[in-house]
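Analysis of the macromolecular model
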Amino acid sequence: MSTSSGNITSVLKETRAFIPPAEFSANAHVKSMAEYEKLWQDAAKDPEKFWGQQAETLQWMQKWNKVLEWNPPHAKWFVGGKLNISANCLDRHLHGPRHNKAAIIWEGEPGEQRILTYQMLHREVCKFANVLKNIGTKSGDRVTIYMPMIPEAAIAMLACARIGAIHSVIFGGYSADAVADRNNDAGAKILITADGGWRRGKVIPLKENVDKSLEKSPTIEKVVVFNRCNLSVNMKAGRDMWWHEEMAKASADCPAEPFDSEHPLFILYTSGSTGKPKGILHTSAGYLLGTSSTHKWVFDLKEDDVYWCTADVGWITGHSYIVYGPLCNGATVMMFEGAPNHPKEDRFWEIIEKYRVSIFYTAPTAIRAFIKWGDHWPDSHDLSSLRLLGSVGEPINTEAWMWYHEKIGKGRCPIVDTWWQTETGSMMIAPMPGAIPTKPGSATKPLPGIIAEVVDQKGNRVAANQGGFLVIRKPWPSMLRTIFNDDVRYKEQYWSQIPNTYFTADGAREDEDGYIWVMGRVDDVLNVAGHRLSTMEIESALGSHAKVAESAVVGKPDEIKGEGICCFVTVKAGVVVSEELKKELRDHVTKEIGALARPDEIRFTDSLPKTRSGKIMRRLLRDIASGKQTTGDTSTLEDYTVLSKLRQEDE
Ligand code: WTA
């Protein structure tokens with residue numbers, strides 16, 4: 001990667017292509033490349049007409065009068081329209097054959113099963129919406145949801161949507177401090193959690209973390225606790241209440257109220273390259289349209305599919321492709337609480353066999369772990385129900401793609417590699433599987449209505465197979481609307497590099513067939529096991545330890561996780577470095593952020609390489625962390641001796 005020119009050097013070349021099986025294409029929603037091209041061209045010629053037509057698939061309480069109002073970088077979609085998101089995901093399915101269809105099939109890590117039909121899910125959501133109202137939740141209030149992967153997480157989200165409250169789901173693996181930061185930034189009033197959740201046979205003490213977080217988050221007034229693990233937890237009178245007790249008192253009658261197309265639906269915190277996490281704000285109609293249309297196109301959804309996305313609801317993938325997209329489409333969604341290797345490494349394959357899962361959507365990091373665990377695990381299960389496989393979260397390496405294709409898909413199932421971001425809300429580049437031949441490692445082509453290009457620093461399109469920045473030229477319905485409480489950062493982060501163009505911060509190249517190959521982040525965000533982590537956040541966690549003077553965190557290639565976390569740490573004077581201190585620091589980061597940010601490696605150093613203006617040169621550290629020779633421009637390096645010292649320590 002050569003950051004001096006701003007372009008990105010591409011080294012990957014993959015020439016294999018896989019044509020969709022004829023039978024798959026014959027039954028697909030979009031059946032051929034020609035059909036895809038026409039859709040894409042029509043959308044590109046007149047995006048507003050295209051999205052206006054697509055929006056007819058939603059259920060409106062009042063129709064919009066204008067498809068798009070675009071005052072760069074602020075978009076309003078379906079202006080004047082009113083709808084209720086939870087009614088689109090639930091009520092609309094109640095008066096036809098989907099009434100008794102399974103909406104969620106859930107399996108807990110210890111093995112329990114629950115099935116919620118659309119009717120049952122509707123009833124639970126209505127009741128919980130009334131619980132929220134009973135404890136004083138109003139439209140526009142922020143509600144933190146910090147839960148394990150149980151149906152109640154989806155119920156809580158949909159109940160918020162039903163009454164116009166804005167949810168902020170925090171991944172259950174985050175620590176108390178991370179929960180407090182997010183509560184405070186959102187100014188959340190209500191918090192929904194569980195006593196605990198299961199993970200690899202152990203209980204994660206969610207309520208205990210919440211109690212700690214609440215010492216630092218004064219805006220939270222009420223806490224609703226779901227009893228998942230029968231833990232004995234501290235319940236503060238007047239503040240904390242049990243989910244089941246409140247539900248027992250609540251009415252099941254909660255008519256869906258109309259909300260504006262642009263009513264905020266949720267905030268989801270994601271890491272940025274600098275500073276604190278960004279509260280990505282999504283609104284209602286456009287988000288639902290983006291998630292439901294892509295869910296149908298890319299998974300080529302059929303009425304009898306059993307669809308399983310293995311993400312956690314705490315990430316955007318869980319929001320868009322466990323809850324909103326699939327339920328809006330009336331799909332049957334598989335939901336699993338636990339880890340893929342508990343009690344054994346074939347848990348996922350066992351689930352696929354047991355429930356006859358037909359669409360399976362997971363992450364490259366999981367696929368690499370499956371490869372490591374051995375083929376005998378999938379080989380010992382009947383996976384013949386599968387018809388389509390998906391991948392998301394990071395670039396999928398060819399080896400993992402081929403293994404997925406052969407071992408899981410048995411050469412029969414198309415693979416949809418889906419590129420998108422928390423900010424984009426829904427998939428942007430992904431194959432329509434009946435139409436587009438796939439190439440291992442490429443997310444293929446932009447979906448209809450999405451104008452994605454690879455450009456240089458000035459915003460000019462680069463030639464085929466040249467690396468560059470991936471950008472999106474036109475607004476799209478499910479785009480983020482702003483960063484909560486920080487519109488300045490929204491403009492700077494996404495819209496200031498190239499005028500009127502959305503900057504993804506990913507590097508990519510487009511090949512001679514118009515296929516896009518995403519190469520990863522161009523800024524300082526790590527992608528660990530498919531989760532974006534800000535190096536800054538980890539550095540500030542390290543910095544809060546009494547013995548640390550300064551640190552720089554970079555990624556290093558990791559076979560399983562994609563990127564591992566390598567921390568260069570300078571200790572305060574007089575501090576003696578030791579293996580124990582390394583452990584102490586790793587534990588400290590885990591406490592501050594969560595286990596997902598646990599450093600893989602700590603290296604002590606006397607000083608860090610910096611530019612003259614004092615910016616740490618992470619590029620050089622990345623080379624050192626991955627054992628490469630330093631390449632590229634070091635002309636701004638303040639002190640050359642630092643680099644050679646770091647290398648010596650390496651040897
Ligand atoms: C990366 C997850 C290559 C990319 C939905 C992006 C990918 C970031 C892919 C967003 C893919 C995600 N191929 N890279 N199929 N999917 N990425 O916000 O760097 O957690 O910018 O959203 O993950 O991560 P986020």
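Everything that follows concerns the structure shown earlier in this document.
Summarised in this report is the structure supplied together with it. (Residues numbered from 1 in each chain as written. Predicted model: local features only at pLDDT ≥ 70, side-chain atom pairs only at ≥ 80, totals over all residues. Heavy atoms only, no water.)

**Quick notes on the overall build of the chain**
Across its full length, the chain holds 20 helices and 30 strands. Against the globule reference of 26 Å for 651 residues, the chain gives a C-alpha radius of gyration of 24 Å, in line with a compact fold. For the chain, the spread of C-alpha atoms along the three principal axes comes to 75 × 65 × 55 Å. Sorting the 651 residues of the chain into buried and exposed places 63% on the buried side. (Helix = DSSP H or I, 4+ residues; strand = E, 2+ residues; numbered from the N terminus. Rg over C-alpha atoms; globule rule 2.2 N^0.38 Å. Buried < 20%, exposed > 50% of the residue type's maximum accessible area, 1.4 Å probe, protein only.)

**With respect to the site of the ligand**
Taken together, 17 residues form the shell around the ligand, and within it Asp 417, Thr 422, Asp 506, Arg 521 and Arg 532 come nearest. Between a nitrogen atom of the ligand and a main-chain N or O atom of Pro 395, the distance comes to 3.3 Å. Asp 506 places a side-chain nitrogen or oxygen 2.7 Å from an oxygen atom of the ligand. If the ligand stood free it would expose 530 Å²; the protein chains cover 96% of that surface. When contributions to the shell around the ligand are tallied by element, the ones reaching two or more residues are helix H11 (316-328) and strand S25 (516-521). Within the shell around the ligand, the residues separate by chemical class into six nonpolar, six polar and five charged. (Near = heavy atom within 4 Å. Polar contact = N/O pair within 3.5 Å; in protein donor to acceptor, adjacent residues only side chain to side chain. Areas by Shrake-Rupley, 256 points an atom, 1.4 Å probe, with all protein chains shown as cover. Nonpolar A, V, L, I, M, F, W, Y, C, P; charged D, E, K, R; others polar.)

**Concerning empty space enclosed by the protein**
One pass over the structure, following the stated rule, counts three cavities of 30 Å³ or more. Volume-wise, the largest cavity comes out at about 50 Å³. Lining the largest cavity are Trp 51, Gly 290, Thr 294, Trp 297, Ser 426, Met 427, Leu 447, Pro 448, Ile 450, Trp 476, Pro 477 and Ser 478. In the lining of the largest cavity, the residues fall into eight nonpolar, four polar and no charged. As a volume, the second largest cavity reaches approximately 40 Å³. Looking at the second largest cavity, the residues that line it are Leu 83, Asn 84, Ile 85, Ala 161, Gly 164, Phe 259, His 263, Pro 264, Leu 265 and Ser 284. Grouping the constituent residues of the lining of the second largest cavity by class yields six nonpolar, four polar and no charged. (1 Å grid on protein atoms, 1.4 Å probe; cavity = no way out; pocket = protein on both sides within 12 Å on 5 of 7 lines; lining within 4 Å. Points joined across faces, edges and corners; volume = space filled by probe spheres on them.)

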